[in-house]
Amino acid sequence: MSEESNALGLHPSTSNVSLPRSITLSTFTAARVKEIQAMRKSISQTFGTKMAFQKLPKHMRRRAMSHVVKRLPRRLREIHINQMKKSGVPPKSKRPSRRHRRRPLYLQADYVRRQIRVKWLNTHIWHAKRFHMVEKWGYKLPKQPCDKSFKACYRATVKHCLVQDLSYIRCIEIVGLYDSIIIPLRRIVDSNTGLTFEAKCVFNGKSFGELVMFQPSLDKEDIRKAIGKIQYLWNQTKTDKKALWLFIHPSYYKQAFDVLVGLFNVELLAKDTSDGLLTHYGSNEILIRELEHEIGKFRLTGSLATDVLMSALKPAAIEDCSEEFRSCINNFPIETLCQQNEVFQSMPTAGFLPPNKVLSVLVKDPRLNLPKKRTKASSIDYCEPLNDQVLYANLALSPLIDDNVRKFVTKNKVSNAELCEMRSQCLVPESEGSMENVSVIPIILLWRAGNSTTGPIGYSSGWDVIFPSCWSQSLFISFIMWGSRAGGLRESESIAFENSQPDILSPDTTAGEQEEAFQTQSLREKFFRLPPNKRTNFNKYAIASPLSFNWKMLLSDWSEAACNTFSVLRDRKLLKLLQEFLTSKRRNEVMPCLPSNCLIAVRVEPINKGICSKFAVICLPLENCSKSLLEPKCRDLFAHRRKTLRDEHKSLLKRLRRGRKRASKLGKPITKTDADMLCNYAMEMRKLWLPEPQTIKDSCTRPVMGFIKHGAFSFTSGNSRGLGYIAADALKALAGLTRRNRVLVRDTNSRVYRLAKLDIIVD
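Just so it is clear, the structure is predicted and the values come from calculations on it, not from any experiment.

The subject of this paragraph is the sheet that holds strand β12 (residues 295–301). With mixed pairing, the six strands of this open sheet are ordered in space as β13-β14-β15-β12-β4-β16. Of all the strands in the sheet, just β13 (358–364) and β16 (485–486) have a single pairing partner and so form its edges. Pairing geometry for strand β4 (residues 162–165) and β16, over two bridges, is parallel. Note on β16: the bridge partner recorded for V163 is A486. The sheet strands contacting helix α19 (residues 489–498) are β4 and β12, and the helix crosses β4 at an angle near 120°.

In structure tokens form, the structure reads like this:
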């Protein structure tokens, strides 16, 4: 037996044990309870480096289990969390749901936080979902729609209506006696550039005006520094005082506001700034207030702008208004307000209105007049125009000029939720008769006649709508639902280009200089992001200033004297005489005398073919030039220097790399590459690609007269067009030729000169 047990590998002590034929399961389990518990405990506890998810079979393991607890089975989740705590990794908290994060309270706080650095328009949320947004002048503004709608926006300005939010153009109110306001303002205007604040047609508030604001100057012979173009409107207050509203572009708003504060010698009034939004300056005679947060401004452009306006806005009868609102406007003549509503309601077309006409009206809540789906407003049937007595009545008097009315309208505006609740309580779903007196909005309408040469009404004609700022979203959606197409900054530039209007930021203003410097810096960065074989070598095209407008050097070359300051010629009479001189065929006609160091705004149109682009040069033509010329091929004088510098730099980098490898092998400290050396190399290469110009006039074979600031295809004229500036002394050289209105235009990436027609822009 012992030999058999040894052969089977059994222990001698167990060789004589006999196993029973059957066992009782309960008795066996009771005898082995402690052993089973010890086994289960050893299974539940981990020993060594294994994690909880590593104990799963391979087909159940997931890569995300290490950081996503929900991937683990429920029986292992608590073990995994305890292991993470022991290892020092904090457990990840569950991110709140999107519905929880987008609660109205949280959204409002988030919107306020995001407006600390840049301001938002009241229609920002609507635009941000549909437009490319850019940061300009301290605002987040819509640039262009996300869809390809450039031609569609142009068609809207011609055949229908384009709506734009211009609330970023800030408003300043000056309140005081007429003489106290007008006498200081004479120092910042020039009567030669157009109508001033004292014009009779705008004094009574029935029309609005536009002018160029200058720095105050006592000496009229000095070159006056322009600030920018502003729009102004006179308003009659309840007392004998007058209120002047100035609409100023945000790029030069701070500069203009500081000039006005110093001009009237006013001080900050702390008692008027309790709301924390408005800034009030005042003295014994003058009060200056900022109305940025109180009023908004929309622009409707197009032949059907009047139809969209009348479809979206319905006049409100005075007797249907609430008692609180009527008591708020009791100082305004009720007969005049009723007459304004009648004129607005019976206005079929705006073609009979005089230019720059101001019309006021009280309208109902536009949310009560929304169509069920987006509908294009159709043209209204023609009816007899209003007589002159009604047309020239006091239609400009508006309760909107009263700050108490603006506060009342803002405070008593019915929210969208309350409006929906009121609609749900109507017995008849479509009847809203009980809600007609919910809200009344005072608005001011400014009629723009547009370019009279393109038709009876004119291209870019339309309305500027001024209203309480709290109604921005409702009014904007109402205009959109009645068929208007929304536009942005690109559409504003396009409309100005089609009207041949010079840039609102003139090159002689501080804002214009900053804008040109910003564009130049952006284009330079874009140019040097390209690889060398994709960059345009402007040295071979003899273009001295391809990415910037060097106006001072251009004027210095033509006047042969240093030019530290310059200005844009804005004298309307002189500009008209220049245009007549250029188009005249009389040989003995004398050219008007021009001031030195000034630029002249011009329009250039190629005669045969060619496209005008930005930064293209306007050159002096040859006598009897009828064919296109070709600039001779130029040799790049900096090509060899760039190649040598690039090879030396590559050799240096290779040598430094070998030195770092050698130091790493020997265990020595590694010397980092000198950052200043790399920066100096980049600056040197940029100077060789775009060298500093020594001259502008004589940079190519034909003398350069000026630059094109905006060039593209014009849909109104059907050909290419360019808007730019030329030096005044260059125009004197052009006057000696037979055809005085012919110039040569050449793009920065071409050697071909195109013959073009030159016209003076009379703004």
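Glancing now at the nonpolar core. By size, the foremost hydrophobic cluster in this structure holds 70 residues, and its most contacted members are W245, L309, F325, F344, I443, L445 and F479. No other element matches the seven residues that strand β14 (residues 440–448) contributes to this core. In contact with L309, not counting residues within four places along its chain, are L300, F344, L445, W463, V465 and F479. Counting 56 residues, the second largest nonpolar core, distinct from the first, contains L555, F566, L599 and F707.

So, on to the packing of helix α23 (residues 639–666) against helix α24 (residues 675–689). Contact geometry of α23 with α24 gives a least axis separation of 10 Å together with a crossing angle of 165°. Relative to α24, the element α23 lies roughly antiparallel. Considering the relative orientation of α23 and α24, their crossing is left-handed. Within the contact between the two elements, α23 uses R641, R642, L645, R646, H649, L652, L653 and L656 and α24 uses M677, L678, Y681, E684, M685, L688 and W689.

In the Ramachandran plot, W137 falls in the positive-phi region, its phi being about 55° despite a non-glycine side chain. Tracing the backbone through its elements, the reader meets W137 in the loop between β2 (131–136) and β3 (139–145). At E560, a residue that is not glycine, the phi angle is positive and equals roughly 55°. Note on placement: E560 falls in the loop between α21 (551–559) and β17 (567–568). For E560, a relative accessible area of 71% puts it in the exposed group.

On to helix α18 (residues 472–481). Residue pairs spaced three or four apart in an α-helix point in one direction, given the helix's 3.6 residues per turn. In terms of burial, α18 is a largely internal element, eight of the 10 residues being buried. Listed in full, the buried residues belonging to α18 are S472, S474, L475, F476, S478, F479, I480 and M481. Each element contacted by the buried residues of α18 is listed here: α7 (124–128), β4, β12, α12 (305–312), β15 (462–468) and β16. G483 lies just past α18 and shows a positive phi near 100°.

Glancing now at the pattern of salt bridges. Any two side chains of opposite charge can pair, given that their charged atoms come close. A full pass over the atoms with the stated rule returns 32 salt bridges. Among the ionic pairs, D508 bridges to R570, the shortest N-O distance being 3.0 Å. On the criterion of sequence distance, the pair formed by D508 in the loop between α19 and α20 (510–529) and R570 in the loop between β17 and α22 (572–583) is long-range, its members being 62 residues apart. With relative accessibility at 15%, the residue R570 sits in the buried group. Salt bridges sharing common partners tie together K119, R170, E290 and E292.

Cut-offs used in this document
- Per chain, residues are indexed from 1 in the order of the written sequence.
- Under the rules for a predicted model, residues below a pLDDT of 70 receive no local features and side-chain atom pairs below 80 are neither given nor counted, while totals for whole chains, interfaces and linings still include all residues.
- Values reported for side chains reflect all heavy atoms of the structure, with hydrogen atoms and water molecules removed beforehand.
- Any two strands with at least two DSSP bridges between them are considered paired.
- Helix numbers and strand numbers start at the N terminus; a helix is a DSSP run of H or I with at least 4 residues, a strand a run of E with at least 2.
- Residues count as neighbours in contact if any of their non-hydrogen atoms are within 4.5 Å of one another.
- All axes are obtained by fitting lines to C-alpha atoms, using only the stretch in contact for helices, and the reported angles, taken between N-to-C directions, cover 0 to 180 degrees.
- What is meant by a nonpolar core is a set of buried Ala, Val, Leu, Ile, Met, Phe, Trp, Tyr and Cys residues, joined one to another through side-chain atoms within 4.5 Å.
- Only protein chains enter the area calculation, which uses a 1.4 Å probe; residues under 20% of their type maximum are buried, those over 50% are exposed, and those in between are partly exposed.
- Geometric relationships in this document are graded by angle, where less than 35 degrees denotes roughly parallel, more than 145 denotes roughly antiparallel, 65 to 115 denotes roughly perpendicular, and other angles denote oblique.
- Crossing handedness follows the turn of the near helix against the far one: under a right angle anticlockwise gives a left-handed crossing, and clockwise gives a right-handed one.
- By convention in these notes, a salt bridge is any Lys or Arg side-chain nitrogen within 4 Å of a carboxyl oxygen on Asp or Glu.

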